[in-house]
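Listed below, chain by chain, are the residues.
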Amino acid sequence: MNKQRVELIKGDITSVEVDAIVNAANNSLLGGGGVDGAIHIAAGPELLTECESLNGCETGQSKITKGYRLKAKHVIHTVGPVWCGGYRDEHTLLASCYQTCLALAKINRIKTIAFPGISTGIYGFPKDMAALIAVTETKRFLSKNSLPEKVIFVAYGDENFETYRKLLDQ
Ligand code: ADP
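Position labels on residues start from 1 in each chain and follow its written sequence. Residue-level local features of this predicted model are given only where pLDDT is at least 70; pairs of side-chain atoms are given and counted only at 80 or more, and the full residue set underlies all totals for whole chains, interfaces and linings. By convention in this description, side-chain values take in all heavy atoms of the structure and omit both hydrogens and water.

## Quick look at the overall build of the protein chain
Working step 1: The numbering of helices and of strands both runs from the N terminus, where a helix is a DSSP run of H or I of at least 4 residues and a strand a run of E of at least 2. If you tally the helices and strands in the protein chain, you get 5 helices and 6 strands.
Working step 2: Reading the protein chain from its N end, one meets helices and strands in the order β-β-α-α-β-β-α-β-α-β-α.
Working step 3: The globule rule used for comparison is 2.2 Å times the number of residues to the exponent 0.38, while the radius of gyration itself is calculated over C-alpha atoms. What you see for the protein chain is a C-alpha radius of gyration of 14 Å, in line with the 15 Å of a compact globule of 170 residues.
Working step 4: Projected onto its principal axes, the C-alpha coordinates of the protein chain cover approximately 40 × 35 × 30 Å.
Working step 5: For the protein chain, the exposed surface amounts to about 8,300 Å²; the carbon and sulfur share of it is 52%.
Working step 6: Positive charges come from Lys and Arg alone, negative charges from Asp and Glu alone, with His and the N- and C-terminal ends not counted. Charge placement uses NZ in Lys and CZ in Arg. For Asp and Glu, CG and CD serve respectively. Across the protein chain, the mean location of the 19 positive side-chain charges is 7 Å away from that of the 18 negative side-chain charges. In this description, accessible areas are obtained by the Shrake-Rupley approach with a 1.4 Å probe, and a residue is regarded as covered only by the protein chains that are shown.

Here you go:
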């Protein structure tokens, strides 16, 4: 992978200055806990109003909105799978989240996009496996497409940062 096109940072995704941040949303797209709650608080109530018009989102799929009061111009909402021991196609569904977010970024001519660890909080997907899927799918997409120009993985905490760092150093 072209390393300049992939970056790793530690911190809060709501304050990252990019064209789009990805939200780990739920099927309703009407807000929730974790990163979803933080994004809605930072974006302001207009985000919820736009989300209400979207009629939810299937697991593994993604939808785009404006970023409102965020520094990011857009939010790409994706619905990760709830971890059920790996028996319910969770790996494929998580890969699909990254694929559909990156495809939406490309269609909307988004140059920079930041991802949290989709499904790795309340949804319980094992963090190491989730990071491997995130890096693999991103690598695959960037090798075939010139947009987005840059993908930033936002690690929330030291342990998660190390997991990504090891994968990206390979
Ligand atoms: P899910 O329901 O998809 O598991 P969560 O929001 O519970 O979503 O967690 C997804 C990941 O986002 C977790 O790794 C969590 O630590 C991380 N996270 C939570 N808040 C933030 C934030 N403000 N910025 C970046 N990452 C965050």
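## A few points about helix α2 (residues 45-52)
Working step 1: Think of it in three bands: with a 1.4 Å probe and only protein chains considered, a residue is buried below 20% of the maximum accessible area for its type, exposed above 50%, and partly exposed in between. Within α2 the residues assigned to the buried category are Leu47, Glu50 and Cys51. Buried residues of α2, viewed axially, fall in a sector of 100°; they line one side. Looking at α2, the residues exposed on the side facing more than 90 degrees away from the buried face are Pro45, Thr49 and Glu52. To be clear, the arc concerns the directions from the helix axis to the C-beta atoms.

## Thoughts on the environment of Trp83
Working step 1: Secondary-structure assignment places Trp83 in the loop between β4 (74-79) and α3 (90-107).
Working step 2: With relative accessibility at 23%, the residue Trp83 sits in the partly exposed group.
Working step 3: The sequence separation of Trp83 and Ser119 amounts to 36 residues, and the corresponding C-alpha distance is 7.7 Å.
Working step 4: What makes two residues a contact is simply this: any of their non-hydrogen atoms within 4.5 Å. If we ignore the near neighbours within four places in the chain, the residues touching Trp83 are Glu90, His91, Tyr123, Gly124, Phe125, Pro126 and Met129.

## Notes on the pairing of strand β6 (residues 150-155)
Working step 1: With 5 of 6 residues buried, β6 lies mostly within the body of the structure.
Working step 2: Sheet topology note: the strand β1 (residues 6-10)/β6 ladder contains 5 bridges and is parallel. Its bridge partner being in β6, Val6 is matched across the sheet by Val151.
Working step 3: Sheet topology note: the strand β5 (residues 112-115)/β6 ladder contains 4 bridges and is parallel. When the bridges of β6 are listed, Phe115 appears paired with Phe153.
Working step 4: Since β5 and β6 lie parallel, the crossover through helix α4 (residues 127-144) that links them has a hand, and here it is right-handed. A pair of strands is treated as paired once DSSP finds two or more bridges between them. Here the term right-handed applies to a crossover when the path leading from its first strand over the helix to its second strand runs clockwise, the strands being oriented away from the viewer.

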